[in-house]
Amino acid sequence: MFSHEGLPEELKAFEAELAALRPVVSRVSRDRLMYRLGVQSALARLAVDDGGVAQQSPSWWQRLHLWQAAALVLACTSLALGALLIASPRYIDRVVYLPRPAAPPQTLNATGAPLDRAGELDAKQPALTIVAASRSRLKPNERWLTAMAAPGFDYPQNAELRARAPRIASDPGTPIIATDQRHVANPSGKVDRSPGATPLRWSDHRQWNEFLNPASH
Amino acid sequence: MQPPQTPMDEAAIQLVQQMLAQQGAALELYARQWCQAPEDVVQEALLRLARERPLPERPVAWLYCSVRRGALSAARGASRRQRHEGAAAKPVEWFAGDLGQALDAELATASLDDLPLAEREVVVTRLWGGLSFQEVGELVGCSSSAAQRRYVAALAALRERFGVRCFPTKDCPKS
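Residues numbered from 1 in each chain as written. Chains lettered and ligands numbered in written order. Predicted model: local features only at pLDDT ≥ 70, side-chain atom pairs only at ≥ 80, totals over all residues.

Explain the overall build of chain B to me, using residue names and the numbers behind them.
Helices and strands together make up the secondary structure of chain B, namely seven helices and zero strands. In sequence order, chain B lays out its α and β elements as α-α-α-α-α-α-α. A buried classification covers 36% of the 175 residues belonging to chain B. Relative to all contacts within chain B whose residues are 6 or more apart in sequence, the contacts with residues 24 or more apart total 64%. (Helix = DSSP H or I, 4+ residues; strand = E, 2+ residues; numbered from the N terminus. Buried ≥ 20, exposed ≤ 12 C-beta atoms within 10 Å, placed from the backbone. Contact = placed C-beta atoms within 7 Å.)

Summarise the confidence of the model for chain A; cite the residues concerned and give the values.
Residues and elements named next belong to chain A. Of the residues in chain A, 34% have a pLDDT of 70 or more, and the chain-wide mean is 62. Predicted confidence is poor over residues 116–155, with pLDDT under 50, and the contacts of this stretch with residues over four places away or in other chains come to 68 contacts. Confidence drops under pLDDT 50 across residues 177–190; counting only partners more than four residues distant or on other chains, this segment forms 39 contacts. (pLDDT = per-residue confidence, 0-100.)

Which residues make up the confidence of the model for chain B, and what are the values?
Residue and element names in this part refer to chain B. Here chain B averages 80 in pLDDT, while 77% of its residues score no lower than 70. Mean pLDDT values over the elements of chain B span from 82, in helix 3 (residues 59–85), up to 91, in helix 6 (residues 133–140). Here residues 1–5 is modelled with pLDDT under 50, and outside its nearest four sequence neighbours on either side it reaches three contacts, counting other chains as well.

Talk me through the nonpolar core; I want residue IDs and the actual numbers.
Core analysis: the biggest nonpolar cluster contains 48 residues, and B:Tyr30, B:Ala31, B:Val42, B:Leu46 and B:Val67 have the highest contact counts within it. Elements with a minimum of two residues in this core: helix 1 (9–19) of chain A together with helix 1 (10–31), helix 2 (38–51), helix 3, helix 4 (105–114), helix 5 (117–128), helix 6 and helix 7 (144–162) of chain B. In terms of residue count, the dominant contributor to this core is helix 1 of chain B (ten residues). Both of domain 1 (8–91) and domain 2 (100–164) of chain B provide at least three residues apiece to this core. (Core = buried A, V, L, I, M, F, W, Y, C linked by C-beta atoms within 7 Å. Domains from an automatic or database assignment.)

Account for helix 1 of chain A, with residues named and values stated.
What sets the pattern is the α-helix's 3.6 residues per turn: residues three or four places apart point alike. Taken as a whole, helix 1 of chain A has its buried residues at A:Ala13, A:Phe14, A:Glu15, A:Glu17 and A:Leu18. The elements touched by buried residues of helix 1 of chain A are helix 5 and helix 7 of chain B.

Summarise the environment of B:Ala26; cite the residues concerned and give the values.
Of note, B:Ala26 is situated in helix 1. Between the C-alpha atom of B:Ala26 and that of B:Phe95, which follows or precedes it by 69 residues, the distance is 10.0 Å. Beyond its immediate sequence surroundings of up to four residues, B:Ala26 is in contact with A:Pro23, B:Trp128 and B:Gly129.

Help me get a handle on helix 4 of chain B, residues and values and all.
Restricting attention to buried positions, one finds in helix 4 of chain B the residues B:Ala108, B:Thr109, B:Ser111 and B:Leu112. Elements in contact with the buried residues of helix 4 of chain B: helix 5 and helix 7 of chain B.

Outline the packing of helix 1 of chain B against helix 2 of chain B, supporting the account with residue identities and numerical values.
The description of two packed helices rests on the angle between their axes and on the distance between the axes. All names here are of chain B. Packing of helix 1 against helix 2 leaves a shortest axis separation of 9 Å and a crossing angle of 150°. By the angle class used here, helix 1 and helix 2 are roughly antiparallel. Crossing geometry of helix 1 relative to helix 2 is assigned as right-handed. Contacts from Ala12, Ile13, Leu15, Val16, Met19, Leu20, Gly24, Leu27, Glu28 and Ala31 in helix 1 reach Pro38, Glu39, Val41, Val42, Leu46, Leu49 and Ala50 in helix 2. Among the residues making up the contact of helix 1 with helix 2, the classes are represented as 14 nonpolar, one polar and two charged. (Axes fitted to C-alpha atoms, helices over the stretch in contact; angles between N-to-C directions. Parallel < 35°, antiparallel > 145°, perpendicular 65-115°, else oblique. Left-handed = near helix turned anticlockwise from the far one by under 90°. Nonpolar A, V, L, I, M, F, W, Y, C, P; charged D, E, K, R; others polar.)

Tell me about the environment of B:Leu155, and name the residues and values.
Mapped onto the elements of the fold, B:Leu155 is located in helix 7. Placed 36 residues apart in sequence, B:Leu155 and B:Glu119 show a C-alpha to C-alpha distance of 9.0 Å. In contact with B:Leu155, other than residues within four places in its own chain, are A:Leu11, A:Phe14 and A:Glu15.

Got a sec to walk through the packing of helix 5 of chain B against helix 7 of chain B? Specific residues and values, please.
All names here are of chain B. As a packed pair, helix 5 and helix 7 sit with axes 8 Å apart at the nearest point and diverge in direction by 95°. In terms of orientation, helix 5 and helix 7 fall into the roughly perpendicular class. The residues of helix 7 that touch helix 5, namely those facing Ala118, Glu119, Arg120, Val122, Val123 and Arg126, are Ala147, Arg150, Tyr151, Ala153 and Ala154.

Structure follows, in structure tokens:
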């Protein structure tokens, strides 16, 4: 039951004396153990007779437990996300301060509301500002429109237009500038964008006077 | 009609009977290190041995391992109950008090009980279970040399407790 291998000399005798002690007799009932062995054997035989399930080895997918599959999926997902994180470009948020641009002139109609389609103005034409005339000395049919170049809008074309623009008859000092070359404004204050509208020529003062003072002609 | 092969055959039953006769007492002594009902743990281990397919190559070491697991599990389940009943429990003798023994059984029980569990486990499996140091190391989770060192240390501690009762021998004249 025991051997003296590797023991110091003084312990060998003591080991022999200790080994002579016998543990108390086992209290395991042999009869009860045999009975339980028989029950266990009978149950196993019944399981075999019912279809041999107990003898069949589980297939590979039965051996692959759920938690193992879940761990595999999570590991693959983590690896894929890590690879994407490494491969993707990095964006760094940085605040850049730029000089504030000059406020663009606001295009208004005769009622003072912004023209919602001002963006349709031809970019090659000088941008104009149409403001509603509120001077009481203007006639009602003249009051609808006093067009002039926007102050501080220093396009060369703008200055040229201002010089060439016709003057309102009752206020010769105020130049009249149409919205653009293709569209004209009518006395109702709305921009006539119909295809048949006749554009006004800048140099034709008579046409402008007829346009602004139709009753006198 | 010849029945199909069953999980329990004659060889397994004979092995269980043999293990019960040879190792039953030592297995109970081993299981008693953790739990108060070692006979139940040993019986369950023997039933598991009968179900095991194929039969283990080293059934003694397999049984000690199975008993260890069962005893630890039983100890976890009974720990709460033991706290309430431990004070009133009657001390159980671990060894038979035969006449002619050089060592006193009660003193052996008390001395062995005083040992740390790691050393006591090695002594029981080595001395009364007959396991090799390699098997003891695999059982308790250490190397064979570590198991041997624990064994020697445990024997020295026990010998110190028994020192006055040791008979002088040629190899051990001090005692």
